Amino acid sequence: MVGYEGGREPMDNASLARVFEDISRLLEVKADSPFKINAYRTGARAIAAYPEQLRDMMARGEDIRRIPGIGEAIANKTVELLTTGHLVFFDRLVESSPPGVLELMRLSGIGPKTAARLSQELGVSSLDQLETALRSGAVSQLSGFGDRTVHRLLAEIESHRRQGSDPLREERQSV
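A few points on the structure. Note that the structure is a prediction, hence the values are computed from the model and not measured.

What counts as what
- Residues numbered from 1 in each chain as written.
- Predicted model: local features only at pLDDT ≥ 70, side-chain atom pairs only at ≥ 80, totals over all residues.
- Heavy atoms only, no water.
- Helix = DSSP H or I, 4+ residues; strand = E, 2+ residues; numbered from the N terminus.
- Buried < 20%, exposed > 50% of the residue type's maximum accessible area, 1.4 Å probe, protein only.
- Contact = heavy atoms within 4.5 Å.
- Areas by Shrake-Rupley, 256 points an atom, 1.4 Å probe, with all protein chains shown as cover.
- Salt bridge = Lys/Arg side-chain N within 4 Å of Asp/Glu carboxyl O.
- Axes fitted to C-alpha atoms, helices over the stretch in contact; angles between N-to-C directions.
- Parallel < 35°, antiparallel > 145°, perpendicular 65-115°, else oblique.
- Left-handed = near helix turned anticlockwise from the far one by under 90°.
- Nonpolar A, V, L, I, M, F, W, Y, C, P; charged D, E, K, R; others polar.

Moving on: the overall build of the chain. Within the chain, the regular secondary structure consists of 10 helices and zero strands. Across the 175 residues in the chain, those meeting the buried criterion constitute 43%. Contacts spanning at least 24 positions in sequence make up 58% of the contacts within the chain whose residues lie at least 6 apart. Here the chain has roughly 9,100 Å² of accessible surface; of this, 50% comes from carbon and sulfur atoms.

Here is the structure:
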């Protein structure tokens with residue numbers, strides 16, 4: 001768990017930004033409002049680029065809405081993340097999304113629409129399942145997935161595994 005619970009330090013800006021970027025991607029999977037998707041993406045970029053840690057600003061009682069790109073909704077969600085270590089909105093969004101889409105989107109070349117399509121059409125919900133579907137030829141049977149795409153995705157999976165596990169993956173799953 002992140003945040004103050006469990007004796008861990010509160011999330012830093014990079015971790016907060018990843019949560020909001022994940023929210024924008026999940027909203028895109030759900031074909032939500034482009035304005036809403038863009039707001040979360042803009043908020044993620046603003047938080048990632050901000051030179052001061054939001055946790056420190058909040059500790060001093062400063063209003064993070066003064067940061068360009070941070071509105072009421074993102075400010076409230078940031079406070080929830082920093083004070084509780086969880087974000088109920090994110091949990092609900094993950095629960096209502098196709099299984100494994102966030103994991104699939106960790107690969108370069110798999111965006112929200114492709115991840116949703118792989119999940120919905122082939123039941124792929126993990127990198128292991130994607131690799132199996134790629135090697136079995138199931139993915140190449142889908143329109144838009146030729147041999148070059150299959151080989152590129154297999155190389156991406158291999159590269160992802162060589163780099164090791166995503167150190168923030170467990171953190172994002174507990175948010």
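The subject of this paragraph is the pattern of salt bridges. Pairs can form between side chains of opposite charge once their charged atoms are near each other. Under the definition given, this model contains 15 salt bridges. For Arg-60, the salt bridge goes to Glu-52, with nearest N and O atoms at 2.1 Å. Among the residues examined, Arg-60 registers a relative accessible area of 49% and is labelled partly exposed. A relative accessible area of 25% means that Glu-52 is categorised as partly exposed. Linking Glu-62 and Arg-60 is a salt bridge whose minimum nitrogen-to-oxygen distance equals 2.6 Å. Each of Glu-21, Arg-25, Glu-28 and Arg-41 takes part in a single network of salt bridges with overlapping partners.

Here we take up the packing of helix H1 (residues 13-29) against helix H2 (residues 34-49). The geometry of H1 relative to H2 is characterised by a closest axis approach of 8 Å and an angle of 165° between their N-to-C directions. Between H1 and H2, the crossing angle belongs to the class labelled roughly antiparallel. For the crossing formed where H1 meets H2, the hand is left-handed. Only Lys-36, Ile-37, Tyr-40, Arg-41, Ala-44, Ile-47 and Ala-48 of H2 make contact with H1, whose side of the interface consists of Asn-13, Leu-16, Ala-17, Phe-20, Glu-21, Ile-23, Ser-24, Arg-25, Leu-27 and Glu-28. Classifying every residue of the contact of H1 with H2 by side-chain character gives 10 nonpolar, two polar and five charged.

The next thing to look at is the environment of Leu-130. Looking at where Leu-130 falls in the secondary structure, it is placed in helix H8 (residues 127-136). Residue Leu-130 is classed as buried on the basis of its relative accessible area, which comes to 0%. Along the primary structure Leu-130 and Leu-154 are separated by 24 residues, whereas in three dimensions their C-alpha atoms are 8.8 Å apart. With sequence-adjacent residues up to four places away left out, Leu-130 is seen in contact with Leu-104, Leu-107, Ile-110, Leu-118, Val-124, Val-139 and Ile-157.

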